[in-house]
Amino acid sequence: LIEEHRMIMNEESGRPSRLKQLVPTVGTFHTPLPLRQAFELYNEKHHLTKRKHIQISFNELRHILNLAQVLAMRKVEVEIPDRVQQNWLHGSSVRMPSAVTSDNSTANLTNSDDSDTHSNHDQEHDHSDHPYLTSGGEFNGPKMITFDGDQTLYTDGANFDSNPRLASYLCQMLKHGVIIAVVTAAGYEYNVDKYEFRLSGLLNYFKAKKLTAEECERFLLFGGECNYLLHLGSDFHLHPVKEYGAGGWLTATKFLRDSPANWTDEDINDLLDVAEAAVNESVEDLQLRGRVIRKKRAIGLIPQANQVLTREALDDTVLRCQSQLQTMNHGTGPNVPFCAFNGGRDVWVDVGNKRVGVEVLGSYLGVDASEVLHIGDQFLNTGNDYAARDVCPCIWITSPEETTYILKTILRFAGANYLIDEHEKEEAKKILAGKIKTSSSNVDFGEVERRAQAVQEMDVFTGELLVRNNSLMKS
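Figured I'd write up the structure that's included with this text. (Residues numbered from 1 in each chain as written. Predicted model: local features only at pLDDT ≥ 70, side-chain atom pairs only at ≥ 80, totals over all residues. Heavy atoms only, no water.)

Looking now at a nonpolar patch on the surface. Where nonpolar side chains cluster on the molecular surface, the patch consists of Leu-1, Leu-22 and Val-23 and spans about 280 Å² of accessible area. Here Leu-1 lies in the segment before helix 1 (2-11). Leu-1 gets classed as partly exposed once you look at its relative accessible area, which sits at 48%. (Patch = residues over 30% accessible without salt bridge, like charges linked within 9 Å, V, L, I, M, F, W, Y side chains within 5 Å. Areas by Shrake-Rupley, 256 points an atom, 1.4 Å probe, with all protein chains shown as cover. Salt bridge = Lys/Arg side-chain N within 4 Å of Asp/Glu carboxyl O. Helix = DSSP H or I, 4+ residues; strand = E, 2+ residues; numbered from the N terminus. Buried < 20%, exposed > 50% of the residue type's maximum accessible area, 1.4 Å probe, protein only.)

See below:
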């Protein structure tokens, strides 16, 4: 059904596929999706079909679909010997020879063990023939991976100051030629200090691992969904990417219909005015203990100090905004793309969305949609990862821990070495927490205690840095 649907969509004949008739809201499949293979592998590990009373759950379906998408991203399939397959099916933590590790990750896609460490003896199995590369010299997996920030790379509202395995996997991806891009709703314009504040531990980890200038250039960040593009320089600091002129990202993507290069200030302000009025109306009608803030390209509803906005109130505000924005221009909607979403603790209406962000990145960097993988946690219709489905394959996770296992699985399917020993893991923890100084920072974190308190000392909603007496310090 999926293959028939993809074929009919490519024909652009207008006739519905059988899958479209069964599921009218079905979207685009950017790659083949080996669901049967994914189910059989997942079932062999978790024995779903042996259960007598409990049917398959939504989360299990999500895991199987995620696994199928990871399988589909490989450019070359490597057959696994039965001996190796039995090892990973029964949860063995013994490292397989790298020439045959391409498929040994399936069983651990959702496994929460810590079997990614190894001894010096395990390292003797390393090969120098780079089995993770195709015959053409490319990584045997996605060419670019884009990530949501909050609740995908780090806990909602927190900073990237823990999770050494995730840091290690991201570093390995960069070394293997994969482009890594954080596409986040956090919009601090081009105030790079504020983005670095959220990613400080990860950037310090990259420096400790001595990434080359070329590897650093593969790490990008898109702030405000698709409004502010930055890249990592060889000094391990973020720098704005040139917008206009030769090589400018706005100039290079102006041909895209929804590119930010084609937006006018009038259209942006019209959208923000309607969104702000809708949010204010929601605050008044629902008597919400929140405050409304307006940024250059976003409207936010955030909780007042020591207050919590309920999920129902947040969802209602989102749907109210979406409804009122769609009535603009006699029912055709605003002239620029937008995203109204529930951020878990807050509501934001952004000018632009992740569909635009991922599409612009792919076009600017010359990466085809079938080679891009977006990983995020907000795929409900009130979430901001939802729009990315239109332009690339997606992985739906629910926590940074699941992101970690997805990357581990991608590396294992590719046959790449993903293992770190206990010494490396402990060292990584210290680097991420700021206990090992690797570089100076544009943000003065001060002593280790302040790094540990970082999330309390920056208003992640506005980007304002907080000093100890709770007053605001302009950055």
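In this structure the tally under the stated criterion is 20 salt bridges. Across the pair Arg-345 and Asp-156 runs a salt bridge whose closest N-O atoms are separated by 3.8 Å. You can see Arg-345 sitting in the loop between strand 8 (338-342) and strand 9 (347-351) and its partner Asp-156 sitting in the loop between strand 1 (144-147) and helix 7 (164-175), a full 189 residues away along the chain. Arg-345 gets classed as partly exposed once you look at its relative accessible area, which sits at 35%. Salt-bridge contacts for Arg-355 lead to Glu-359; the nearest nitrogen and oxygen are separated by 4.0 Å. Highlighted residues: Arg-355 and Glu-359, both in helix 14 (residues 354-365), separated by 4 residues, approximately one helical turn. Taking the relative accessible area as the measure of exposure, Glu-359 reaches 29% and is therefore partly exposed. One continuous salt-bridge network, built from bridges that share partners, spans Arg-257, Asp-258, Arg-355 and Glu-359.

Further remarks concern the nonpolar core. Proteins that are soluble and globular tend to have nonpolar side chains buried together. In terms of nonpolar packing, the biggest core is built from 64 residues, with Phe-160, Leu-170, Phe-206, Phe-219 and Leu-407 touching the most fellow members. Of all hydrophobic cores here, the second largest spans 48 residues; its members include Leu-220, Leu-256, Ala-278 and Met-328. (Core = buried A, V, L, I, M, F, W, Y, C linked by side-chain atoms within 4.5 Å.)

The 4 strands lie next to each other as 6-7-9-8, forming an open sheet whose pairing is antiparallel. Only two strands of the sheet have a single partner each, and these edge strands are strand 6 (290-295) and strand 8. Pairwise comparison of adjacent strand axes, ignoring direction, gives a mean angle of 15 degrees for this sheet. The strands that helix 11 (residues 265-286) touches are strand 6, strand 7 (298-303), strand 8 and strand 9; relative to strand 6, the one it contacts most, it runs at about 175 degrees. (Pairing = 2+ DSSP bridges. Axes fitted to C-alpha atoms, helices over the stretch in contact; angles between N-to-C directions. Contact = heavy atoms within 4.5 Å.)

Between the first and last C-alpha of helix 8 (residues 192-208) there are merely 20 Å, a value that for 17 residues lags more than 12% behind the 24 Å anticipated at 1.5 Å per step. Roughly 75 degrees is the biggest bend found in helix 8, and it falls at Leu-199. Along helix 8, 14 of the 17 residues are buried, which leaves the element largely enclosed by surrounding structure. (Expected span 1.5 Å × (residues − 1). Bend = angle between axes of the 7 residues up to and from the residue.)

Time to look at the pairing of strand 2 (residues 179-183). Taken across its 5 residues, strand 2 has 5 buried, putting it largely inside the fold. Residue alternation in strand 2 divides its side chains into two sets, Ile-179, Ala-181 and Val-183 and Ile-180 and Val-182, and both sets are buried. For the handedness criterion, the β-α-β arrangement of strand 1, helix 7 and strand 2 is classed as right-handed. Two strands pair when backbone bridges link them, and strand 2 and strand 3 (residues 219-223) are joined in this way by 4 bridges, in the parallel orientation. Its bridge partner being in strand 3, Ala-181 is matched across the sheet by Leu-220. (Right-handed = clockwise from strand over helix to strand, strands pointing away.)

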